[in-house]
Amino acid sequence: MSVDGYLDRLKRDGRIVVVGASLAGLRGAETLRDGGFAGTLTMIGDEPYEPYDRPPLSKGVLLGKATADHTALPRRRALDAEWRLGVPASGLDMAAKRVRLADGDEVEYDRLLIATGVRARPWPHEREAALDGVFVLRTRDDATALQKRLADGPRRVFVIGAGFTGSEIASACREREIEVTVAERGAAPLVGALGGVVGEVAAQMQRENGVDLRTGVMVTGLEGDSAGRVRAAHLSDGSSVETDVVVVSLGATRNTEWLAGSGLGAGPRGIACDAGCRAFDIRGIVTDDIFVAGDVARSPHPLFNYQFLSLEHWGNAVTQAETAAHNMLCESVDRRPHMWIPAFWSSQFGVNIKSVGVPSMGTEIIVTQGSLSEHRFAAVYGFQDRVIGAVTFDDARWLPFYQQLIESTAPFPPQFPTVDRRPEGARPVSADFPDPSVPTHGPTVTLSGYSPADRRITFTPGRH
Amino acid sequence: MTQGNLLRQILEYGNRPNPYPLYAELRKTPVLNEGDGAYVVSTYWEILSLLHDPRVSSDPHNLAVPGGPGFDPNDESSLPPSFIRLDPPEHDRLRRMTNTSFGPPHKARRIHEMRGELDEIVSGLIDGIGSTDRIDLVEQFSYPFPVTVICRLLGVPREDESRFHTWADTLAASLDPMPGEDPTERNKIAQKARTELGMYLAGLIEERRKNPQDDMLSELANLKGPDGSMTTMELLSTSALLLIAGHETTVNLITNGMLTLLRNPDVLQRLRDDPKLAVPIVEELLRFEPPVQLVPNRTTLADIEIGGVTIPKGASLWLVVAAGNRDPQRFKEPERFDPDREDIEHLGFGSGIHSCFGAPLARLEAQIALSELARRLVNPRLLEDPPEYRQNAVLRGPRHLPITCDEIRP
């Protein structure tokens with residue numbers, strides 16, 4: 001019981017506003033209702049659609065196997081919410097506890113959950129970005145438009161950036177037997193998230209599947225024809241590629257601009273929060289009524305040296321939203337920390353790629369099972385003599401074991417024998433991550449902030 | 001009760017009808033060293049963790065003391081080990097190749113498309129029950145159903161089905177661990193059955209190479225994929241494995257299922273009213289009464305510390321999945337049969353790379369069998385409770401399940 005019964009009143013007839021009507025926003029709202037919140041719930045979303053799932057957009061939808069309007073997220077329960085869709089939030093008045101909407105309306109809250117996520121980083125030259133045939137892929141509308149263009153049978157698709165989204169787009173194109181060129185500033189695809197050793201495997205996969213992969217190059221310009229349709233891309237090595245579809249896959253930008261001037265600790269890297277999902281203000285003081293979850297949140301994680309991590313991961317959005325919603329409705333002593341182990345998956349060129357931990361923190365890598373050349377393996381990343389991340393290509397059933405190694409800060413390199421250990425896994429090599437000061441499409445984990453000395457801890461995640 | 005004889009008690013035939021109190025006793029020591037080299041693991045998280053541990057091998061050659069049920073490392077005359085007794089990469093290659101003619105992603109709809117055929121077999125068996133005074137559900141229904149299905153799926157002629165009965169029984173019995181007994185004689189009999197089965201299959205495969213049909217044997221025999229083709233010996237082991245696995249597990253799932261439903265008449269009534277309830281019922285059955293009670297054929301490639309115990313390299317591991325399935329640390333009210341349970345991530349099909357290959361088929365067979373029995377048998381009752389069980393402690397299930405009912409609905 002709180003001193004003045006505030007929580008009881010909040011639960012009974014308080015006002016909670018959720019900004020961001022995607023995965024994190026929806027799961028957060030459902031958890032609030034599950035937790036007994038009976039008051040007014042307002043869901044604000046900039047897109048005109050109810051929450052939908054994004055992973056199929058770059059996979060099944062691009063292949064024409066599913067349509068973008070059939071990826072609505074399943075509901076866990078009835079929400080009884082007031083939906084304000086198609087109007088973005090444009091401002092926050094922390095003192096008055098009000099969210100401003102782009103249409104001038106205002107919504108008052110007692111507690112606020114911010115889950116505004118990220119958006120695709122657009123092609124920086126506005127005129128070139130506006131050419132017909134130039135796409136990004138983040139939203140349902142993006143996917144519908146790109147799918148339609150692919151169905152028209154373009155002569156060639158040109159993908160800028162070989163991160164996960166770019167590589168999945170290239171894979172979908174090849175599966176549809178469309179010629180595709182991929183241009184990547186780094187030395188290999190996926191290099192920002194998984195390093196050069198694994199990136200080399202991704203490069204082989206692309207080339208074996210007929211992708212015209214250009215690495216170590218930048219796109220210097222997109223050229224349109226007289227009708228305003230894109231017709232070619234020019235590269236920093238002096239070459240150019242004729243194309244009628246360009247997909248810009250340069251990673252994501254966090255949706256925090258609407259918070260400028262609000263006094264909340266929000267910026268290009270996201271919104272900083274504590275392990276309980278409570279947002280910090282610009283003075284570094286934790287708020288007690290504003291919570292954040294999903295791609296837009298940055299929170300410290302004890303397993304990764306209390307780095308502030310912002311994770312563009314599906315599972316993180318779900319668990320962080322659940323934790324935030326739980327904490328919004330309870331006394332401080334009952335609050336839970338958000339201790340999710342980063343994990344993501346991708347599917348490209350018929351290969352299932354999964355990862356746990358933070359590979360991009362790793363300095364070394366060792367292949368513990370299978371073989372890089374067979375594109376079927378498990379590999380472990382090491383950082384300061386401990387296991388910090390792991391990745392599998394078509395070998396995902398072992399991943400829970402590697403997650404345990406990360407959770408228990410197991411020593412690196414692992415000393416034990418395993419089934420399917422090959423000679424190439426005899427000793428670790430440099431994981432070969434690019435210099436972080438060189439911009440690339442970016443990993444799906446952003447590291448920043450406080451980095452104390454190496455800590456030895458035993459991590460015990462909740463199991464229910 | 002001393003710890004040392006706990007496993008022996010579980011294997012004792014007298015405890016077959018209800019081993020669950022012994023499993024509860026076992027869970028008090030999550031990792032139990034039985035003293036004779038076997039480490040018995042009985043709690044959910046520990047079992048799950050070992051099933052995903054790449055330091056755990058399925059290859060009996062890695063045992064410090066080679067042996068184990070039905071295994072003679074010096075016997076070269078018999079079939080090579082099937083993929084269930086192999087580690088990656090050989091395991092992965094063989095399982096992958098087998099999957100190309102069985103399941104997703106290669107044959108996404110193979111099982112789904114068998115639905116009509118499964119319905120037909122089930123209807124035929126129930127139609128043929130005859131007198132309702134005393135029905136032996138095992139003999140008259142739950143044995144012939146999956147046997148007919150696996151034979152049709154593989155392409156084994158119907159008239160030969162009865163010959164498998166004997167071979168399958170012998171081979172299943174050889175999987176039954178009997179610590180302390182000299183396995184020599186039993187192994188000899190099992191090897192003989194395996195060899196005979198292999199010779200029979202070899203003839204069939206030869207025939208299918210010449211005249212391919214729409215069945216798995218034909219597809220496996222003529223397979224040419226990214227992994228190449230199977231050798232004849234690999235093909236024999238693989239098809240023998242599928243045949244035996246298809247014989248001995250689903251029978252118990254269906255029989256245990258009907259037994260459980262008859263003990264829980266309210267659930268049986270709900271299933272009668274809503275056949276769709278078969279889906280969660282079968283999942284809960286796989287938790288509550290798993291057809292494979294324990295996995296006795298794993299070993300450690302390194303010292304593994306788990307549950308406060310260090311299991312030494314080369315030890316024999318016994319993973320008691322049926323005990324893990326009722327671990328109160330994992331499931332609320334684990335001793336209650338509750339098809340409304342929301343979180344049924346059971347170990348009934350194992351987990352990790354050896355998780356049950358036939359799971360999609362077994363699920364569908366049991367769902368159809370139980371919902372049809374519920375619909376057609378009017379007022380069914382058990383005539384014996386508990387019924388007489390098979391000897392086998394690993395593949396546990398009733399030998400006979402005598403029931404009666406008022407009539408059989410059309």
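Bear in mind the structure is a predicted one, so any value in this text is a computation, not a measurement. Here, residues in each chain are numbered from 1, in the same order as that chain's written sequence. Chains and ligands are labelled sequentially in the order written, the chains with letters from A and the ligands with numbers from 1. The model is predicted, so local features are restricted to residues of pLDDT at least 70 and side-chain atom pairs to those at 80 or more, both for listing and for counting; the totals for chains, interfaces and linings are taken over all residues. Only hydrogens and water are set aside when side-chain values are computed; all heavy atoms of the structure are taken into account.

J.: Can you break down the overall build of chain B residue by residue, with the values?
T.: Along its length, chain B carries 17 helices and 12 strands. When we talk radius of gyration, it's over C-alpha atoms, and the globule rule is simply 2.2 Å times the number of residues to the 0.38. Computed over C-alpha atoms, the radius of gyration of chain B comes to 21 Å, within 12% of the 22 Å expected from 2.2 N^0.38 for 410 residues, which places it in the range of a compact globule. Across its three principal axes, chain B shows a C-alpha extent of roughly 60 × 60 × 40 Å. Type-normalised accessible area, obtained with a 1.4 Å probe on protein chains alone, sets the label of each residue: buried when under 20%, exposed when over 50%, and partly exposed for intermediate values. Every one of the 410 residues in chain B was classed for burial, and the buried ones make up 58%. Here, two residues are considered to be in contact whenever any of their heavy atoms come within 4.5 Å of each other. Once local pairs closer than 6 in sequence are excluded, the contacts in chain B between residues at least 24 apart make up 74%. Entry remark: accessible area of chain B is about 16,800 Å², with carbon and sulfur atoms responsible for 52%. His is not counted, nor are the chain ends, whereas Lys and Arg count as positive and Asp and Glu as negative. By convention, the point assigned to a charge is CZ for Arg, NZ for Lys, CD for Glu and CG for Asp. The centroid of the 45 positive side-chain charges in chain B is displaced by 2 Å from the centroid of its 61 negative side-chain charges. Segments assigned H or I by DSSP are reported as helices when at least four residues long, segments assigned E as strands when at least two residues long, and all are numbered from the N terminus. Shrake-Rupley sampling with a 1.4 Å probe provides the accessible areas, and residues are treated as covered by the protein chains on show and by no other component.

J.: Describe the nonpolar core, naming the residues involved and giving the relevant values.
T.: Grouped together as the largest cluster of nonpolar side chains are 86 residues, with contacts concentrated most on Phe141, Phe145, Leu197, Leu201, Leu243 and Met258 of chain B. Counting residues per element, this core draws most heavily on helix H17 (residues 359–376) of chain B, at 10 residues. The contact partners of phenylalanine 141 of chain B, leaving out residues within four places of it in the chain, are Val122, Leu125, Ile126, Asp136, Ile254, Ala369 and Leu373 of chain B. We define a nonpolar core as any set of buried Ala, Val, Leu, Ile, Met, Phe, Trp, Tyr and Cys residues linked to one another through side-chain atoms lying within 4.5 Å. Membership of the second largest hydrophobic core comes to 76 residues, among which are Val159, Leu213 and Tyr402 of chain A together with Leu301 of chain B.

J.: Tell me what's going on with the pairing of strand S27 (residues 376–383) of chain A, and back it up with residues and numbers.
T.: Residues and elements named next belong to chain A. For S27, the tally of buried residues reaches 7 of 8 residues, placing the bulk of the element in the interior. For two strands to count as paired, DSSP must find a minimum of two bridges between them. By the bridge criterion, 7 bridges tie strand S26 (residues 364–371) to S27 in an arrangement that is antiparallel. Bridging from a neighbouring strand, serine 371 pairs with arginine 376 of S27. Counting the residues in the hairpin turn of S26 and S27 gives 4 residues, including histidine 375, whose phi is positive at 60°. Sheet topology places S27 next to strand S28 (residues 386–393); 7 bridges connect them, and they run antiparallel. Each residue of the ladder has a partner; that of glycine 382, found in S28, is valine 387. Taking the residues that link successive antiparallel strands as the turn, the S27-S28 hairpin has 2 residues, and the phi of glutamine 384 there is positive, at about 50°.

J.: So what about helix H10 (residues 184–210) of chain B? Which residues, and what values?
T.: Count 3.6 residues to each turn of an α-helix, and residues three or four apart come out pointing the same way. Residue and element names in this part refer to chain B. With 27 residues, H10 should reach 39 Å at 1.5 Å per residue; the first-to-last C-alpha distance of 39 Å fits that figure. Taken as a whole, H10 has its buried residues at Asn187, Ala190, Gln191, Ala193, Arg194, Leu197, Gly198, Tyr200, Leu201, Leu204, Ile205 and Arg208. Buried residues belonging to H10 abut helix H9 (161–174), helix H11 (216–221) and helix H12 (232–248). The length a helix should cover is 1.5 Å for every residue beyond the first.

J.: Please give an account of the pairing of strand S2 (residues 40–45) of chain A that cites residues and values.
T.: All names here are of chain A. With respect to burial, S2 is a largely interior element, 5 of its 6 residues being buried. Bridge count between strand S1 (residues 15–19) and S2: 5 bridges; the pairing is parallel. Across the sheet, isoleucine 16 pairs through a bridge with leucine 41, a residue of S2. Throughout, right-handed denotes a crossover for which the path from the first strand over the helix to the second runs clockwise when the strands point away from the viewer. Note on the crossover from S1 through helix H2 (residues 23–34) to S2: the handedness is right-handed. One ladder, built from 4 bridges, connects S2 with strand S3 (residues 82–85); its direction is parallel. Bridge pairing in S3 places threonine 42 opposite glutamate 82.

J.: Account for the interface of chain B and chain A, with residues named and values stated.
T.: Facing 22 residues of chain B, the contacting portion of chain A comprises 17 residues. By convention, the term buried area covers the 1.4 Å-probe accessible surface removed from two parts as they join, with the contributions of both added. Overall, the association of chain B and chain A removes approximately 1,700 Å² of surface from exposure, summing both partners, and the carbon and sulfur fraction of that is 62%. It is Trp45, His52 and Pro54 of chain B in chain B that bury the most area against chain A; as a group they hold 34% of the surface buried on that side. Salt bridges are identified by distance alone: a Lys or Arg side-chain nitrogen within 4 Å of an Asp or Glu carboxyl oxygen. Remark: the boundary between chain B and chain A carries 0 salt bridges. Residues adjacent in sequence count toward polar contacts only when both atoms are side-chain atoms; beyond that, a polar contact is any pair of N or O atoms within 3.5 Å, and within protein one must be able to donate a hydrogen and the other to accept it. Summed over the shared surface of chain B and chain A, the number is 5 residue pairs in polar contact (both at pLDDT 80 or more). For the side of chain B that touches chain A, the secondary structure elements donating two or more residues are helix H3 (44–51), strand S3 (56–57) and helix H4 (90–99) of chain B.

J.: Outline the environment of alanine 359 of chain B, supporting the account with residue identities and numerical values.
T.: Mapped onto the fold, alanine 359 of chain B is located in helix H17. Measuring from C-alpha to C-alpha, the distance between alanine 359 of chain B and phenylalanine 349 of chain B comes to 6.8 Å, with 10 residues separating the pair along the chain.

J.: Describe the side chain of arginine 326 of chain B, naming the residues involved and giving the relevant values.
T.: On the secondary structure map, arginine 326 of chain B appears in the loop between helix H16 (321–324) and H17. Given a relative accessible area of 4%, arginine 326 of chain B falls into the buried group.

J.: Let's hear about the pattern of salt bridges: which residues, and what values?
T.: Residues and elements named next belong to chain A. A complete count under the given rule lists 58 salt bridges over all chains for this structure. Linking glutamate 374 and arginine 422 is a salt bridge whose minimum nitrogen-to-oxygen distance equals 3.0 Å. With glutamate 374 in the loop between S26 and S27 and arginine 422 in the loop between helix H8 (399–407) and strand S29 (429–430), the pair connects residues that are 48 residues apart, well separated along the chain. Given a relative accessible area of 41%, glutamate 374 falls into the partly exposed group. Among the charged side chains, a network of salt bridges with common partners joins Asp274, Arg278, Asp288 and Arg335.

J.: So what about unusual backbone geometry? Which residues, and what values?
T.: Residues and elements named next belong to chain A. Cis peptide bonds are those with omega within 30 degrees of zero, and the linkage from phenylalanine 412 to proline 413 qualifies with -5°. When you line up the elements, proline 413 lands in the loop between H8 and S29. Despite not being glycine, aspartate 394 has its phi angle at roughly 50°, a positive value. Secondary-structure assignment places aspartate 394 in the loop between S28 and H8. The class of aspartate 394 is partly exposed, set by a relative accessible area of 28%. Phi at threonine 409 is positive, roughly 45°, even though this residue is not glycine.

J.: Lay out the packing of helix H6 (residues 115–127) of chain B against H17 of chain B with the relevant residues and their values.
T.: Residue and element names in this part refer to chain B. Angles run from 0 to 180 degrees between N-to-C directions of axes, and those axes are lines fitted to C-alpha atoms, restricted for helices to the stretch in contact. With their axes 10 Å apart at the nearest point, H6 and H17 run at an angle of 40° to one another. One element, H6, and the other, H17, form an angle in the oblique class. Note on packing geometry: the crossing formed by H6 with H17 is right-handed. Counted together, Arg115, Leu118, Asp119, Val122, Ser123, Ile126 and Asp127 of H6 and Leu364, Glu365, Ile368, Ala369, Glu372, Leu373 and Arg376 of H17 form the full contact between these two elements. Polar here means any residue outside two lists: the nonpolar Ala, Val, Leu, Ile, Met, Phe, Trp, Tyr, Cys and Pro, and the charged Asp, Glu, Lys and Arg; Gly therefore counts as polar. Split by residue class, the contact of H6 with H17 holds 7 nonpolar, 1 polar and 6 charged. For classification purposes, an angle smaller than 35 degrees is called roughly parallel, one larger than 145 roughly antiparallel, one from 65 to 115 roughly perpendicular, and anything else oblique. Each crossing gets its hand from how the near helix is turned against the far one by less than a right angle, where anticlockwise is left-handed and clockwise is right-handed.

J.: Any details on the sheet that holds strand S10 (residues 381–382) of chain B? Residues and values, ideally.
T.: Taken in spatial order, the 3 strands of this open sheet run S4-S11-S10 (chain B), and their pairing is antiparallel. Unpaired on one side and paired on the other, strand S4 (135–136) and S10 of chain B mark the two borders of the sheet.

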